[in-house]
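# Structure at a glance
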Amino acid sequence: VVYLIINLYVISIIISFFTSIPYWQGVLWALLIYAVSLTLTFSPIGEKFLCFLNGCKEIKRVDIEERIRPLFEEVYNRAKKSNPKIPDDVRLYLKDDMALNAFATGRKTLCVNLGLLQLDDNEIKSILGHEFGHLAHKDTDTILLVNIGNVIINIFFLFMRIVIEIIHFFLQAVNIGTSESSSQSFFGSFFLFIYRTIFVKMFEFMQWIWIKIGVLLCMRTSRSDEFAADRFSYNIGYGNYLCETLDKLQMSSGEESSGLFATLVSTHPSTNDRIS
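Summary of the structure given here. (Residues numbered from 1 in each chain as written. Predicted model: local features only at pLDDT ≥ 70, side-chain atom pairs only at ≥ 80, totals over all residues. Heavy atoms only, no water.)

Scanning the protein chain for helices and strands turns up nine helices and three strands. Overall, the protein chain shows an N-to-C arrangement of helices and strands of α-α-α-α-β-β-β-α-α-α-α-α. For 276 residues, the compact-globule estimate of 2.2 N^0.38 gives 19 Å, and the protein chain exceeds it by more than 25% at 24 Å. Each principal axis of the C-alpha distribution contributes one length, and for the protein chain these read about 80 × 45 × 40 Å. A burial count over the protein chain gives 39% of its 276 residues as buried. Here the protein chain has roughly 16300 Å² of accessible surface; of this, 65% comes from carbon and sulfur atoms. (Helix = DSSP H or I, 4+ residues; strand = E, 2+ residues; numbered from the N terminus. Rg over C-alpha atoms; globule rule 2.2 N^0.38 Å. Buried < 20%, exposed > 50% of the residue type's maximum accessible area, 1.4 Å probe, protein only. Areas by Shrake-Rupley, 256 points an atom, 1.4 Å probe, with all protein chains shown as cover.)

Rendered as structure tokens:
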């Protein structure tokens, strides 16, 4: 919520600055842009676009379909009985990635990595139960709500980078055309290079800070969401299998990161805490 409010505040300032309209009108425009963006994102078109961005594709191989579909349907039925608010038309996709992972995206999409098929059926079902937990708790809606603002602000940063490059190009052309000597042209190009570097690095730093603030503000909520999704899988009957799977995932990915910053930016809680 804090990050969403900050997003709207920054977007309002940007709009007011570039259009010279009163700030309160900038707030209204920011809310309107947000509303339109969310409408598109939560539409079927937005759902398909999210699948495309995440590399999720329809399952075309018969052997993979016959392996994963019955597991998906079993977990889907249990999840719906536990939480009838889960949509009736959740679709299953496959990502060509050998990592032992699956994820929910959008409002009606569940995607499994090809690597997940290395696990046995019960382990796969425990992971699917976890992902249905995210859909049941509307976690993906929250992520989209925040990320819309991020996209808008990052478009602004991209726009400013383009403006800087265009100005640099024209000033460079003027410098070459008006310089009376090669040394004068060299010094002009040197100062233009300094100007471009300063402004580019300044905007890169601002963007980096913005992303870090978002990470730190959102990760606490994300870790809570993971606990809740684990509990959902447990409640629909896959708890013991999920514990075994989490241990296996930890061993396959190596040791967990340690240290204060690693903990702050971690999207998932400690494996031991999750199993506990």
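Let us keep going from here.
Turning next to the packing of helix α1 (residues 2-19) against helix α2 (residues 23-41). Running from N to C, α1 and α2 cross one another at 120°; their axes reach a closest spacing of 8 Å. For the element pair α1 / α2, the angle class is oblique. For the element pair α1 and α2, the recorded crossing hand is right-handed. The residues of α2 that touch α1, namely those facing Leu4, Asn7, Leu8, Tyr9, Ile11, Ser12, Ile13, Ile15 and Ser16, are Tyr23, Gly26, Val27, Trp29, Ala30, Leu31, Ile33 and Tyr34. Looking at side-chain class alone, the contact of α1 with α2 contains 13 nonpolar, four polar and no charged residues. (Axes fitted to C-alpha atoms, helices over the stretch in contact; angles between N-to-C directions. Parallel < 35°, antiparallel > 145°, perpendicular 65-115°, else oblique. Left-handed = near helix turned anticlockwise from the far one by under 90°. Contact = heavy atoms within 4.5 Å. Nonpolar A, V, L, I, M, F, W, Y, C, P; charged D, E, K, R; others polar.)

Before going further, it helps to examine the layout of surface pockets. Of the pockets and cavities examined, the second largest pocket occupies roughly 440 Å³. In terms of lining residues, the second largest pocket is bounded by 17 residues, among which Ser37, Thr41, Phe49, Ile148 and Val151 are the most central. Of all the secondary-structure elements, those providing two or more residues to the lining of the second largest pocket are α2, α3 (44-53) and α6 (139-178). Of all the elements, α6 adds the most residues to the lining of the second largest pocket, at six residues. (1 Å grid on protein atoms, 1.4 Å probe; cavity = no way out; pocket = protein on both sides within 12 Å on 5 of 7 lines; lining within 4 Å. Points joined across faces, edges and corners; volume = space filled by probe spheres on them.)

With that settled, consider a nonpolar patch on the surface. Among the surface-exposed residues, Phe186, Phe187, Phe190, Phe191, Phe193, Ile194, Ile198, Phe199, Met202 and Met206 lie close enough to one another that they form a single nonpolar patch of about 1000 Å² accessible area. Along the chain, the position of Phe187 falls in helix α7 (residues 182-253). With a relative accessible area of 48%, Phe187 lands in the partly exposed category. (Patch = residues over 30% accessible without salt bridge, like charges linked within 9 Å, V, L, I, M, F, W, Y side chains within 5 Å. Salt bridge = Lys/Arg side-chain N within 4 Å of Asp/Glu carboxyl O.)

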